[in-house]
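The chain contents come next:
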Amino acid sequence: QESRGLGDVYKRQAVVFFEDSMFVTRYPSEQIITCVRFTVTIVFALWMADRYDGEDILRLICTAQMVFVVLTLLYCVLFPGTIFSQEQGEHDFIGFLRTKNNEAAELSVGILFQIAWFKLQRARREIPQRWELMLFVVQGMMLFLCNAKGALFCVAIPAAYLLSVSYTHLTL
């Protein structure tokens, strides 16, 4: 029951993500793969939430997202000529993934997890670590560079929900 509030957030996010991303993509087959990967991740997260402490899971997910962002930045340094594509404009950020929408989906989910983590810290009157704040800013910058309007829209609605709901409703 404790994970129910967070599970509801995951379920709503999955539906919004799939519907909105399919409307804006030029590559439906790639986006379906991304949506399936996202859905499997959500199912796995719900399974873990039923068996493990939600706060630990959220902390671990944010740490894993940090690893993804650090690896993306490292890839950008090592292979600067391959990090942008020309899907819509001249400079659509893809990092080391195949399309800007794949990169944007990963970043937008990471941003939402970080918002939930910050909200949890705020409820406990804790101050976020510098690396957490830097990760949040870097993810936002990379998401913006992806030029993926659908992902920006998909992150805005759940983010607004997470920011508006009180901690008591977001029980981990």
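Here the structure is shown first, and the text comes after it.
Owing to the predicted nature of the structure, the values given are computational and were not obtained by experimental measurement.

Conventions we followed
- Residues numbered from 1 in each chain as written.
- Predicted model: local features only at pLDDT ≥ 70, side-chain atom pairs only at ≥ 80, totals over all residues.
- Heavy atoms only, no water.
- Helix = DSSP H or I, 4+ residues; strand = E, 2+ residues; numbered from the N terminus.
- Buried < 20%, exposed > 50% of the residue type's maximum accessible area, 1.4 Å probe, protein only.
- Contact = heavy atoms within 4.5 Å.
- Salt bridge = Lys/Arg side-chain N within 4 Å of Asp/Glu carboxyl O.
- Expected span 1.5 Å × (residues − 1).
- Core = buried A, V, L, I, M, F, W, Y, C linked by side-chain atoms within 4.5 Å.
- 1 Å grid on protein atoms, 1.4 Å probe; cavity = no way out; pocket = protein on both sides within 12 Å on 5 of 7 lines; lining within 4 Å.
- Points joined across faces, edges and corners; volume = space filled by probe spheres on them.
- Nonpolar A, V, L, I, M, F, W, Y, C, P; charged D, E, K, R; others polar.
- Phe/Tyr/Trp six-rings, centres within 6.5 Å; stacked < 30°, edge-to-face > 60°.

A.B. asks: An account of the overall build of the protein chain is requested, with residue identities and associated values reported.
C.D. replies: A tally of regular secondary structure across the protein chain gives six helices and two strands. The linear arrangement of helices and strands in the protein chain, starting from the amino end, is α-α-α-β-β-α-α-α. Buried residues in the protein chain amount to 44% of all 172 residues. Looking at the protein chain alone, contacts between residues at least 24 apart form 68% of all its contacts between residues at least 6 apart.

A.B. asks: Explain the pattern of salt bridges residue by residue, including any values.
C.D. replies: Summed over the entire model, instances satisfying the criterion amount to three salt bridges. A salt bridge links Glu55 to Arg124, with the shortest nitrogen-to-oxygen separation between them at 3.0 Å. With Glu55 in helix H3 (residues 54-78) and Arg124 in the loop between helix H4 (100-123) and helix H5 (130-145), this residue pair connects regions lying 69 residues apart in the sequence. Residues Asp56 and Arg59 are paired through a salt bridge, measuring 3.7 Å at the closest nitrogen-oxygen approach. Remark: Arg59 and Asp56 occur in helix H3; sequence separation between them is three residues, near one turn of the helix. The class of Asp56 is partly exposed, set by a relative accessible area of 38%. Connected via shared salt-bridge partners are Glu55, Arg124 and Glu126.

A.B. asks: A description of H4 should follow, citing residues and the corresponding values.
C.D. replies: Across its 24 residues, H4 extends 34 Å between first and last C-alpha, which sits within 8% of the 34 Å expected from 1.5 Å per residue. By the criterion of burial, H4 is predominantly enclosed, with 21 of the 24 residues buried. Two residues or fewer past H4, Arg125 is found with a positive phi of approximately 60°.

A.B. asks: Tell me about the nonpolar core, residues and numbers included.
C.D. replies: A general tendency of soluble globular proteins is for nonpolar side chains to be buried together. In this structure, Leu58, Leu107 and Leu143 are the most contacted members of the largest nonpolar core, which totals 29 residues. If you list the elements that add at least two residues to this core, you get helix H2 (28-51), H3, H4, H5 and helix H6 (149-164). Counting residues per element, this core draws most heavily on H4, at 11 residues.

A.B. asks: Report on the layout of surface pockets, specifying residues and quantitative values.
C.D. replies: Here the largest pocket is characterised by a volume of approximately 390 Å³. What lines the largest pocket is a set of 18 residues, among which Thr41, Ile61, Glu106, Val109 and Phe113 lie closest to the centre. Within the residue set of the lining of the largest pocket, elements represented by two or more residues are H2, H3 and H4. Tallying contributions element by element places H2 first for the lining of the largest pocket, with seven residues. Tallied by class, residues from the lining of the largest pocket come to 13 nonpolar, three polar and two charged.

A.B. asks: Explain the packing of aromatic side chains to me, and be specific about the residues and the numbers.
C.D. replies: Inspection of the entire model under this criterion finds seven aromatic pairs. Seen in terms of ring centroids, Tyr75 and Phe79 are 4.9 Å apart; in terms of plane orientation they differ by 40°. Their pairing is tilted. Assessed through its relative accessible area of 24%, Tyr75 is described here as partly exposed. With a centroid separation of 5.7 Å and 70° between ring planes, the pair formed by Phe84 and Phe93 is classed as edge-to-face. You can call Phe93 buried: its relative accessible area is 3%.

A.B. asks: Lay out the side chain of Glu103 with the relevant residues and their values.
C.D. replies: Checked against the element boundaries, Glu103 lands in helix H4. Under the relative-accessibility criterion, Glu103 is labelled buried at 0%. If we skip the residues at most four places from it in the chain, Glu103 touches Phe68, Thr72, Phe93, Ile94, Gly95, Phe96, Leu97, Met142 and Cys146.

A.B. asks: Quick one: what's the story with the environment of His91, residue by residue and with numbers?
C.D. replies: Among the structural elements, His91 can be located in the loop between strand E1 (84-85) and strand E2 (92-93). Sequence spacing of His91 and Asn147 is 56 residues, and the spatial spacing of their C-alpha atoms is 8.0 Å.

Nothing here speaks to function; it is geometry throughout.
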